[in-house]
Amino acid sequence: MALAMTSSSPQPPPPSHRRRRRPQPAAPTPNANAKPKPRAKALPLLSDVGVGRDPSAIKYYARVASNLAGAGRLRDFLLAAEGLRAAAGDDPSFAARISARLLSRGVAAAVRDRGLPHVLEFLRDAQRVRVPAAEMLDADAADAVAAACRMVLEERRMAEFVEVVEALARYGFYVQGIVNPMDVLKIFVKKHDPYMAIRYARIFPNSQLLLCNTMEAFGKRKELKSALTVFGALKGQLGGINMFACRSVIDICGHCGSSVQARIIFENLGVAPDLTSYNILLKTCCNAREFNLAQEIYEEMKKKECDGLLKLDVFTYSTMMKVFADAKMWKMASNIKEDMQAGGVRLNLVTWSSLINAYANSGLVDRAIEILEEMIRDGCQPTAPCFNIILTACVKSCQYDRAFRLFSSWKKSGIKISLSPEQKRCLDGGAFTFCKEYPSNGSTTLVVPFRPTVTTYNILMKACGTNAERAKSVMNEMRRNGLCPDLISWSILMDIHGTSQNRDGAIQALRRMQRIGIRLNVSAYTVAIKACVANKDLKLALHLFDEMKAHQLKPNLVTYKTLLIARSNYGSLQEVQQCLAIYQEMRKAGYEANDYYLKELIVEWCEGVLSSGSDNRDFYNLDLQPKRKESFNLFLEKVATVLQKDVDQNQIVDVRGLSKVEARIVVLSVLRKIKEQYLLGTAVQDDVVIITGHEKTSRTEIETSAVDVEHAIVTVLTDDLGLEVLIGPGSHLPVLPNPKAPTKSRSNLQVPTKFTRPQGVIKIPVNSLNHWLKKKAARD
């Protein structure tokens, strides 16, 4: 809208054709014959100012608008800009006259004082009045906006951050300078949010590359569903097939172990697959250990080669060689070698190594050595990993002495190969280095030296079995040869100490690693924990577990299982609580726990409160029913809740939703906890109240009613433990103990007539509890 000048508004300059005159002396008496002078005009409205008529007015109002912006009055600036744009007839000269310095100062102040939403609103309205505000901002204002965006990101307000960046991009702001886009996308990957990652990546011009990188990041975390979601978005954005993206997603499928999905994508490319796509698909099958599928694809490729559509290369054969080597199918690996030679493709270092590995994995050490010699005769010089494969095969087959003999022989004189004159001519001019030749009787002996690596010595340390002193001597020899023991070397030494029941030696090795500056990882701590568990030092194992987490190291599945193997050593309340905490932490970390061992621990621990132990195995039988698996989480939470309470708190035990056997276990857990605390000097101050409820509680195929649950609890309390119980809310009718009654029969239970309907509450009076505890203490 056009603005009219008011008394409070700055006075505009007069039009250029009327100049202000200096004051004149008093005019003489007017002459009747003189012509009347013209009267001065009033100040014009903005709507009356035209570009062609008065450019100086536009200049003046542009200066006024700039001052308003510099004072932080962005809304007033926009009003002035809108009016002048209408008056100037959409002439762009007005925007060019605005001071970028003052506008930037105002935007920076608005970011600081009023926040990003106000600035975004200003940028939106500036676009409406055709003022390119985002393009006019200087470095200071742009840095202020970017810093505010980064603050939102640091506070992990991710949805708000994406909305802000989207808006800034629409208004012409240089969003690439705010933060590295991949850093933000990695956050979305960690949050398992592919949809927000797609939305954010599409803001940038290089969105295709960002989406590909995001897809690969999900693949590395083995989140195939999220990776396929990003692939679908990328495919839809391109409007067609991108071979690079397709090859990447096929590779991701293999990394995630889904070769079937990779094959589906491969078959639905919509274009004729090339050799590279086939090779990636083979690699996928290799990573997923889908040997049969790899064989089918290989046969398909060979058929296409016969038809002249493909020409298999060394990568194809090397991948298939590795497939069969991993599967310990040495005969099939040998067939691949023949196919290569028939196709005129020469074996390279990778192919020969895979072939050696195929025989070594099958335990054919002698044949593996023959392949090594054949490799040398073919003109391919072996590297240390080739020798290490053979040494590893000796260790896996428990041929420890042979591993040391081969190592000593190779190190002393290398590996000697006899060459015929023809073989010698084939090798002349080859790539062999550090080799010696000795002519003898018309033939040549080729000596290839062996240079052991740290990995070589680590293999020899494994060959030491439980002999820690011999392992130390191998480590010392490693140092004498200029090599430094690594994390794996020390971990092997710790494992040897633990296996030989030398816990102190394992802990000393761990602390030595810390002193010499080796950064410990989860595997090193897990080996030390395993040594403590093997020596039945549960306290130290848990201490190392806490120390590992204090160093920001996340336990893995092996760590959790190593600790839970020691479940037979969990005897006290505190130790059982620790075991439950480990299981809960393991579940939260996303690992599948073996619930059978936890059930066994809880049953054995809580049934220990009974003098005669327990022959109850229904708990394990219930585990065979598929639907009971879903209810175990509820049972676990109930046990954890009651065990975490202090004895001096009100002991209210809620067994609603549990089966009768699970309810029995929970109640016995409470009594076991009370007993242990009583032996430590903590007296019982209150009754124990058990809530059973009225509804059907079991989720098994055979429904269990609250009556059955209450009967099971009353039976174990009265018949097995000799406690007095009260049934029903507010009821004082006792159910007297009947120790002589058989457990299997419930006809002897003195249940009041009013208990024909479940009342939902069982109470163990505090006096009965104290009497029972005194008897247990005297007996123990």
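As recorded by an unreviewed UniProt entry, the protein chain carries the name Pentacotripeptide-repeat region of PRORP domain-containing protein and is attributed to Urochloa decumbens. Quoted verbatim from the Sequence similarities (unreviewed entry) field of the UniProt record, the comment on the protein chain reads "Belongs to the PPR family. P subfamily."

Our focus in this paragraph is the overall build of the protein chain. The helix and strand inventory of the protein chain stands at 37 helices and 8 strands. Counted over contacts in the protein chain with a minimum sequence separation of 6, partners at least 24 positions apart contribute 67%. Of the roughly 40300 Å² that the protein chain leaves accessible, carbon and sulfur atoms contribute 51%.

Let us now look at the packing of aromatic side chains. One pass over the full model with this rule turns up 12 aromatic pairs. Plain terms: the ring middles of F161 and Y200 are 5.9 Å apart, the flat faces sit at 35° to each other, and that makes the pair tilted. With F161 in helix α8 (residues 158–170) and Y200 in helix α10 (residues 194–201), this residue pair connects regions lying 39 residues apart in the sequence. With respect to burial, F161 and Y200 carry one shared label: buried. Here the aromatic rings of F188 and Y200 are separated by 6.3 Å at their centres, their planes lie at 55°, and the arrangement is tilted. A residue pair is termed long-range when its members are at least 10 positions apart, and F188 in helix α9 (residues 181–190) and Y200 in helix α10 qualify at 12 residues. Y200 matches F188 in its accessibility class, with the two residues each being buried. By the ring-pair criterion, three or more aromatic residues cluster together here, those being F387, F407, W410, F450 and Y457.

Turning our attention to the UniProt feature "repeat: PPR" (unreviewed entry) in the protein chain. As recorded in UniProt, the sites labelled "repeat: PPR" (unreviewed entry) are residues 274–308, 313–347, 348–382, 383–417 and 521–555. The span residues 348–382 carries 74% helix and 0% strand; its end-to-end C-alpha distance comes to 10 Å.

Glancing now at α9. Given 3.6 residues per turn, any residue in an α-helix points the same way as the ones three and four places further on. Of all 10 residues making up α9, 7 are buried, and the element is well covered by its neighbours. Those residues of α9 that sit buried are P181, M182, V184, L185, I187, F188 and V189. Here the buried face of α9 lies against α7 (139–154), α8, α10 and α11 (207–220). Immediately downstream of α9, the backbone of H192 shows phi near 60°, a positive value.

Once that is clear, we can look at unusual backbone geometry. Of note, R156 is a non-glycine position whose phi angle comes to about 60°, a positive value. Inspection of the secondary structure puts R156 in the loop between α7 and α8. The phi angle at Q501 is positive, at roughly 60°, despite the residue not being glycine. For Q501, the position within the fold is in the loop between α26 (487–499) and α27 (503–515). Looking at Q501, the relative accessible area reads 51%, which means it is exposed.

With that settled, consider the packing of helix α25 (residues 468–480) against α26. Where α25 meets α26, the axes come as close as 9 Å, and the angle between the chain directions of the two elements is 165°. Put simply, α25 runs roughly antiparallel to α26. In this structure, the crossing between α25 and α26 has a hand that is left-handed. Taken together, the residues of α26 that come into contact with α25 (itself represented by A468, A471, K472, M475, M478 and R479) are S489, W490, L493, I496 and H497. Split by residue class, the contact of α25 with α26 holds 7 nonpolar, 2 polar and 2 charged.

Another aspect to go through is the nonpolar core. With 188 residues, the main nonpolar core has F77, F161, L168, I178 and Y200 as its most contacted residues. The element that contributes the greatest number of residues to this core is helix α28 (residues 522–534), accounting for 9 residues. With residues up to four places along the chain from it excluded, the contact list for F77 reads A65, S66, L68, A69, I98, L103, F122 and V131.

Counting across every chain of the model gives 0 disulfides. Of the cysteine sulfurs around C212, a residue in no disulfide, the closest is that of C246, at 9.6 Å. Classification of C212 by relative accessible area gives buried; the value is 6%.

We now examine a positive patch on the surface. A grouping of R156, K186, K190, K191, K220 and K554 is seen on the molecular surface, where their side chains present a positively charged patch. Position of K190 relative to the elements: it lies in helix α9.

This paragraph deals with the side chain of D719. Secondary-structure assignment places D719 in helix α36 (residues 706–720). What makes D719 buried here is its relative accessible area of 7%. Here T718 takes part through its side chain, which lies 3.2 Å from a polar atom of the side chain of D719.

Right, let's get into the environment of R105. As for its position among the elements, R105 is in helix α4 (residues 100–114). The class of R105 is partly exposed, set by a relative accessible area of 44%. A sequence separation of 36 residues divides R105 from A141, and the C-alpha atoms of the two residues are 6.8 Å apart.

Moving on: the pattern of salt bridges. Going through the model one piece at a time under the given rule, you end up with 26 salt bridges. Across the salt bridge formed by E223 and R221, the nearest N and O atoms sit 3.4 Å from each other. With a relative accessible area of 15%, E223 lands in the buried category. In this structure R221 comes out as partly exposed when scored by relative accessible area, which is 41%. The residue R664 makes a salt bridge to D720 at a minimum N-O spacing of 4.0 Å. With a gap of 56 residues between them, R664 in helix α35 (residues 660–679) and D720 in helix α36 connect regions that are remote in the sequence.

To continue, consider the environment of P273. Position of P273 among the secondary structure elements: in the loop between α14 (259–267) and α15 (275–287). For P273, a relative accessible area of 25% translates into the label partly exposed. For the pair P273 and M243, spaced 30 residues apart in sequence, the C-alpha separation works out to 9.2 Å. Residues contacting P273, with those up to four places away along its chain left out, are F266 and Y278.

Viewed as axis vectors pointing N to C, helix α20 (residues 365–377) and helix α21 (residues 384–396) meet at an angle of 170°, and their least axial separation amounts to 10 Å. The angle between the axes of α20 and α21 places the two elements in the roughly antiparallel class. On α21, the residues that touch V365, A368, I369, L372 and M375 of α20 are C386, F387, I390, A393 and C394. Grouping the constituent residues of the contact of α20 with α21 by class yields 10 nonpolar, no polar and no charged.

What counts and how
- Residues numbered from 1 in each chain as written.
- Predicted model: local features only at pLDDT ≥ 70, side-chain atom pairs only at ≥ 80, totals over all residues.
- Heavy atoms only, no water.
- UniProt positions renumbered as here; feature names shortened; annotations may be inferred.
- Helix = DSSP H or I, 4+ residues; strand = E, 2+ residues; numbered from the N terminus.
- Contact = heavy atoms within 4.5 Å.
- Areas by Shrake-Rupley, 256 points an atom, 1.4 Å probe, with all protein chains shown as cover.
- Phe/Tyr/Trp six-rings, centres within 6.5 Å; stacked < 30°, edge-to-face > 60°.
- Buried < 20%, exposed > 50% of the residue type's maximum accessible area, 1.4 Å probe, protein only.
- Axes fitted to C-alpha atoms, helices over the stretch in contact; angles between N-to-C directions.
- Parallel < 35°, antiparallel > 145°, perpendicular 65-115°, else oblique.
- Left-handed = near helix turned anticlockwise from the far one by under 90°.
- Nonpolar A, V, L, I, M, F, W, Y, C, P; charged D, E, K, R; others polar.
- Core = buried A, V, L, I, M, F, W, Y, C linked by side-chain atoms within 4.5 Å.
- Disulfide = S-S within 2.5 Å.
- Patch = residues over 30% accessible without salt bridge, like charges linked within 9 Å, V, L, I, M, F, W, Y side chains within 5 Å.
- Salt bridge = Lys/Arg side-chain N within 4 Å of Asp/Glu carboxyl O.
- Lys, Arg positive; Asp, Glu negative; His and termini not counted.
- Charge placed at Lys NZ, Arg CZ, Asp CG, Glu CD.
- Polar contact = N/O pair within 3.5 Å; in protein donor to acceptor, adjacent residues only side chain to side chain.

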